[in-house]
Amino acid sequence: MTAETPDRLTRAELEALYAEHSSELRAFLRGVLRDADLAAEALQMTFVKLIEQGETANRMTFKGWLFKVALNEARGIRRRSRREAELLRRPVWQSGDETLTPEETLIQQESVEQLRDLIQKLPVEQRTILNLRLHDEITFADIAQQLNLPLGTVLTRMRAALKTLTSQLRERES
Amino acid sequence: MNQPQTLQPESTGSELDWLAFQYVTEQLPENQRDAFEEVLAGDLAACEAVAAMTVLALQLKQAATPEVSRPVRQAARSSSSRFGSWIAVGSTVVALGWLFMLMNGQDSNTQTSVGATQSEEAAGLIAGWAGSNQDEVLAEENLFDLETLDLNDESTPKIPGWMIAAVSLENAEEKMGDLMDEPVEMKEN
């Protein structure tokens, strides 16, 4: 990273911050940019800013500072890419593949398996909408039309499914 | 487009998750998306929700299965494609039925030709037919489409004249007399 200077964060502090926040920041940036490569670029720029200006951040709010800088970097990159409109129109699963370590790949596979089990336990009407949206990539409006349901019902079921899944995942994590 | 919720200042974790999920899956209309990005600039919880929903959406994309949604997709198919399927099935059944009838007709024709090599036997057979009920005769008639058969075509099974005469029940008696006087000329395949 960089040599220790009195005015800047120490190398150990930078490494600790990177270890603690980089995964979440990368996911956040991917969600904003919808492009894995641009997200990696924005993450790098964010930590360059941390090296250069990290001392200006209140150490109690490093996380908030990092996310704010990351969002600004992401917006800048998106504008400069001249693909802003295109990027904003795509769902995050079209953001390309991320380079993962074997360990990360294994963890991801386990997470997907775990999630698959949880999906199977959802009520069938929620599971159907989730699969139509996520697997078949049908918009909620089209799902409502195809299933002859009000759009509000479709959204409510999807939201309920999401709530169940997130709460169960958080329970397992904790 | 859907009807996304607007972000309330007191949005709970669940509401933030839902908004973030719609944001990363591109289900928010443009104005709502821009408003949500403004919230991201000052709300760490909203940023965390985007990160969490990004991970979840990517994993859900892999975990979602087509098997579950197949029946629904089938149900959602347009009526025109269903109609097309029925036409295909119907055509196949008709073609098979026609083939079956043709093969049955060939068998019947072959058997009859062999059995009618002698005019006496043919006459006996005709006499038997004349005595049978009309339904049976009509059923036999259906085995041949006399209007479409090309009698000059060597590949087409030849129908003996006595058989054609035999199926005409109205003139069965008269035909029988004629046939007895003039032995039927049999054509072997």
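In this text, all values refer to a predicted model and were calculated from it rather than measured experimentally.

Reading the values: the criteria
Residues numbered from 1 in each chain as written. Chains lettered and ligands numbered in written order. Predicted model: local features only at pLDDT ≥ 70, side-chain atom pairs only at ≥ 80, totals over all residues. Helix = DSSP H or I, 4+ residues; strand = E, 2+ residues; numbered from the N terminus. Buried ≥ 20, exposed ≤ 12 C-beta atoms within 10 Å, placed from the backbone. Contact = placed C-beta atoms within 7 Å. Nonpolar A, V, L, I, M, F, W, Y, C, P; charged D, E, K, R; others polar. pLDDT = per-residue confidence, 0-100. Axes fitted to C-alpha atoms, helices over the stretch in contact; angles between N-to-C directions. Parallel < 35°, antiparallel > 145°, perpendicular 65-115°, else oblique. Left-handed = near helix turned anticlockwise from the far one by under 90°. Expected span 1.5 Å × (residues − 1). Arc of directions from axis to C-beta.

## Quick look at the overall build of chain A
Scanning chain A for helices and strands turns up eight helices and zero strands. Written out in order from the N terminus, the α and β elements of chain A read α-α-α-α-α-α-α-α. Counting every position in chain A, which comprises 174 residues, the buried fraction comes to 32%. When contacts within chain A are restricted to residue pairs at least 6 apart in sequence, those whose partners lie at least 24 apart make up 62%.

## So, the interface of chain A and chain B
Across the contact, 42 residues belong to chain A and 37 residues belong to chain B. Put simply, the parts of the chain that give the side of chain A that touches chain B at least two residues each are helix H1 (11–33), helix H3 (62–80), helix H4 (84–89), helix H5 (102–120), helix H6 (124–134), helix H7 (140–147) and helix H8 (151–173) of chain A. Residue contributions to the side of chain A that touches chain B peak at seven residues, all from H8 of chain A. In terms of residue class, the side of chain A that touches chain B is made up of 21 nonpolar, ten polar and eleven charged.

## A few points about the confidence of the model for chain B
Residue and element names in this part refer to chain B. Residues with a pLDDT of 70 or more make up 37% of chain B, whose mean pLDDT is 65. Of all helices and strands in chain B, the one with the weakest mean pLDDT is helix H7 (residues 134–141) (45), whereas helix H3 (residues 44–63) scores best (92). Under a pLDDT of 50 for its full length, residues 112–118 has, in the predicted model, 13 contacts with residues more than four places off or in other chains. For this predicted complex, the interface confidence comes out at an ipTM of 0.88, alongside a pTM of 0.61.

## Quick notes on the packing of H7 of chain A against H8 of chain A
Residues and elements named next belong to chain A. At their nearest, the axes of H7 and H8 sit 8 Å apart, and the two run at 115° to each other. Taken together, H7 and H8 sit at an angle that is classed as roughly perpendicular. Considering the relative orientation of H7 and H8, their crossing is right-handed. Between H7 and H8, the contacting residues are Phe140, Ala141, Ile143 and Ala144 on the first element and Leu151, Val154, Leu155 and Met158 on the second.

## Details of unusual backbone geometry
In most cases, non-glycine residues show a negative phi, while peptide bonds are predominantly trans. In this structure, arginine 34 of chain A is a non-glycine residue whose phi angle is positive, near 55°. Tracing the sequence through the fold places arginine 34 of chain A in the loop between H1 and helix H2 (36–53). Located in the positive-phi region is glutamate 26 of chain B, a residue other than glycine, with phi close to 55°. Along the chain, the position of glutamate 26 of chain B falls in the loop between helix H1 (13–24) and helix H2 (30–42). Judged by the 17 C-beta atoms lying within 10 Å of it, glutamate 26 of chain B falls in the partly exposed class.

## Remarks on H2 of chain B
Residues and elements named next belong to chain B. In this model, H2 (13 residues) spans 19 Å end to end at C-alpha, consistent with the 18 Å of a helix rising 1.5 Å per residue. Along H2, the residues classified as buried are Gln32, Phe36, Val39 and Leu40. Buried residues in H2, looked at end-on, bunch into an arc of 105°, giving them a common side. In H2, those exposed residues whose orientation departs by more than 90 degrees from the buried face are Glu30, Asn31, Asp34, Glu38 and Gly42.

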